[in-house]
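Chain residues, written in single-letter form:
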Amino acid sequence: MMKLRKLAIAGALILMSGAAFADQGHGCGKGHFSKANWQEHRQEFFQKHQERLHTVLQLTAAQENAWKTYQDQIKPEVKTEHPDRQAFAKLTTPERLDKLEAWDKSRDAHTAQRDKAIRTFYAQLNDAQKKVFDENAFPHRDHGKPHRK
């Protein structure tokens, strides 16, 4: 009887802890994040990060124009909907490759423009600001999870 009672208690604890973990979500603000509001979430994250970066950089009045130019040039692209999969599936392999190559070129051009803007702004910073920028410019995407090795 005692063993049965212990098993029942252990089972109840397991069920309760499982329910608690299931309710956690994946750090996206359960109920807040969805594909429908992805662009809004992305823009909000970008704005908050840039405001924080601006604060920690402690820019001089002379650097503010460079900051404004930098901000105008690095804004995330507005993502369009994914292409129609059925239409893509109807293309021949060479046509698919052409589409993929065009998408890659577009992405690469945007990345090159963004990289140039970052380098130009970085050149305007003093050594202390460069160190702060190096530590804070790119948000940590691991959400506090340990790095895999």
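Above this note sits the structure.
Residues numbered from 1 in each chain as written. Predicted model: local features only at pLDDT ≥ 70, side-chain atom pairs only at ≥ 80, totals over all residues. Heavy atoms only, no water.

**Student:** Please set out the pattern of salt bridges residue by residue, giving values where relevant.
**Tutor:** Scanning the entire structure with this criterion turns up four salt bridges. In this structure, the salt-bridge partner of R107 is D104, at a minimum N-O distance of 3.1 Å. Placement of the pair is R107 and D104 together in helix α5 (residues 93-123), with a separation of three residues, close to one helical turn. Given a relative accessible area of 45%, R107 falls into the partly exposed group. Residue classification places D104 among the partly exposed positions, given a relative accessible area of 34%. Where R107 meets D108, a salt bridge forms, and the shortest distance between an N and an O atom there is 3.5 Å. D108 sits in the partly exposed class, given a relative accessible area of 43%. Sharing partners across several salt bridges, the network here consists of D104, R107 and D108. (Salt bridge = Lys/Arg side-chain N within 4 Å of Asp/Glu carboxyl O. Helix = DSSP H or I, 4+ residues; strand = E, 2+ residues; numbered from the N terminus. Buried < 20%, exposed > 50% of the residue type's maximum accessible area, 1.4 Å probe, protein only.)

**Student:** Mind laying out the nonpolar core, listing which residues take part and the relevant values?
**Tutor:** Of all hydrophobic cores here, the largest spans 14 residues; its most connected members are L57, W67, Y70, F121 and F133. Mapped onto this core, the elements with two or more residues apiece are α2 (38-57), α3 (64-74) and α5. Per-element tally for this core: the top contributor is α3, with four residues. Residue contacts for L57: discarding those within four places in its chain leaves W67, F121, L125, Q129, V132 and F133. (Core = buried A, V, L, I, M, F, W, Y, C linked by side-chain atoms within 4.5 Å. Contact = heavy atoms within 4.5 Å.)

**Student:** So what's going on with the packing of α2 against helix α6 (residues 127-136)? Which residues, and what values?
**Tutor:** Packing of α2 against α6 brings their axes to within 9 Å, and their N-to-C directions diverge by 155°. The orientation of α2 relative to α6 falls into the category roughly antiparallel. Considering how the two elements wind past one another, α2 and α6 form a crossing that is right-handed. Facing α2, whose interface residues are H49, R52, L53, V56 and L57, α6 presents Q129, V132, F133 and N136. Its residues assigned to classes, the contact of α2 with α6 comprises five nonpolar, three polar and one charged. (Axes fitted to C-alpha atoms, helices over the stretch in contact; angles between N-to-C directions. Parallel < 35°, antiparallel > 145°, perpendicular 65-115°, else oblique. Left-handed = near helix turned anticlockwise from the far one by under 90°. Nonpolar A, V, L, I, M, F, W, Y, C, P; charged D, E, K, R; others polar.)

**Student:** Account for the packing of α2 against α3, with residues named and values stated.
**Tutor:** For the pair α2 and α3, interaxial distance at closest approach is 13 Å and the crossing angle is 160°. The angle between α2 and α3 places the two elements in the roughly antiparallel class. Crossing handedness for the pair α2 and α3: right-handed. Between α2, through F46, Q50, L53, H54 and L57, and α3, the contact on the second element is made entirely by E64, W67, Y70, Q71 and I74. Its residues assigned to classes, the contact of α2 with α3 comprises six nonpolar, three polar and one charged.

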